[in-house]
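# Structural characterization, general
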Amino acid sequence: MKSAFTMIELVFIIVVLGILSAVAFPKMAPFLEDAKIARGQSNVSAIRSAIANERAKNMLNGTVAYPQILDDAAQDTENESLFDGNATVNMLQYPLYSKATGGNWMKKSANGANTTYRYYISNARFVDFNYTRATGIFDCLHNAANDNDCALLTK
């Protein structure tokens, strides 16, 4: 009675799995990018909702103002918590952590009248977003290089 696989059977299985993965991976790669775009759309919607909620809270307290800052993160620094407000303001309940890779955000300028954030679709493909604290607008910076990606992320 046979109780184990032979070496030839194991090699054959490994070869078959290798062929299947070589065929399947190129077909799945576009879905990975679509998932990162969907994640970005969700993040943009959540950030915009948080800004509107914070303004509504301010209005109930008698102040008609948008949040002055969205976070206390340092610019161009990984593993900083983004969009979490500060000690007095809560933006997103669960912050996003900065990382300069696909599907992640990075703060690109210090807090000021305008603060720039970058969303990476892939390591080489990204869209910059600007938060204007006077108007509460969080929108991508439109240019010829990223207009299609900007439209995808903000629809």
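Residues numbered from 1 in each chain as written. Predicted model: local features only at pLDDT ≥ 70, side-chain atom pairs only at ≥ 80, totals over all residues. Heavy atoms only, no water.

## What to know about the confidence of the model for the protein chain
For the protein chain, the average pLDDT comes to 89, and 98% of its residues sit at 70 or higher. Here helix α2 (residues 147–154) stands out as the element of the protein chain with the lowest mean pLDDT, 89, in contrast to strand β3 (residues 104–107), whose mean of 96 is the highest. (pLDDT = per-residue confidence, 0-100. Helix = DSSP H or I, 4+ residues; strand = E, 2+ residues; numbered from the N terminus.)

## Some remarks on the packing of aromatic side chains
Taken as a whole, this structure holds nine aromatic pairs when the rule is applied. Measuring from ring centre to ring centre gives 6.2 Å for Y117 and F138, while their planes differ by 55°; the resulting arrangement is tilted. Remark: F138 occurs in strand β6 (residues 137–140) and Y117 occurs in strand β4 (residues 114–120); sequence separation between them is 21 residues. Summarising the burial analysis for this pair, Y117 and F138 share the class buried. On the basis of an interplanar angle of 15° and a centroid distance of 5.3 Å, the ring pair of F129 and F138 is categorised as stacked. On the basis of relative accessible area, F129 is assigned to the buried category, the value being 0%. (Phe/Tyr/Trp six-rings, centres within 6.5 Å; stacked < 30°, edge-to-face > 60°. Buried < 20%, exposed > 50% of the residue type's maximum accessible area, 1.4 Å probe, protein only.)

## Regarding the environment of M106
Among the secondary structure elements, M106 is positioned in strand β3. The exposure class of M106 is buried, given its relative accessible area of 4%. For the pair M106 and D76, spaced 30 residues apart in the sequence, the C-alpha separation amounts to 6.3 Å. Sequence-distant contacts of M106, that is, excluding residues within four places in its chain, are made with D76, T77, E78, L82, S98, K99, A100, Y117, R118 and Y120. (Contact = heavy atoms within 4.5 Å.)

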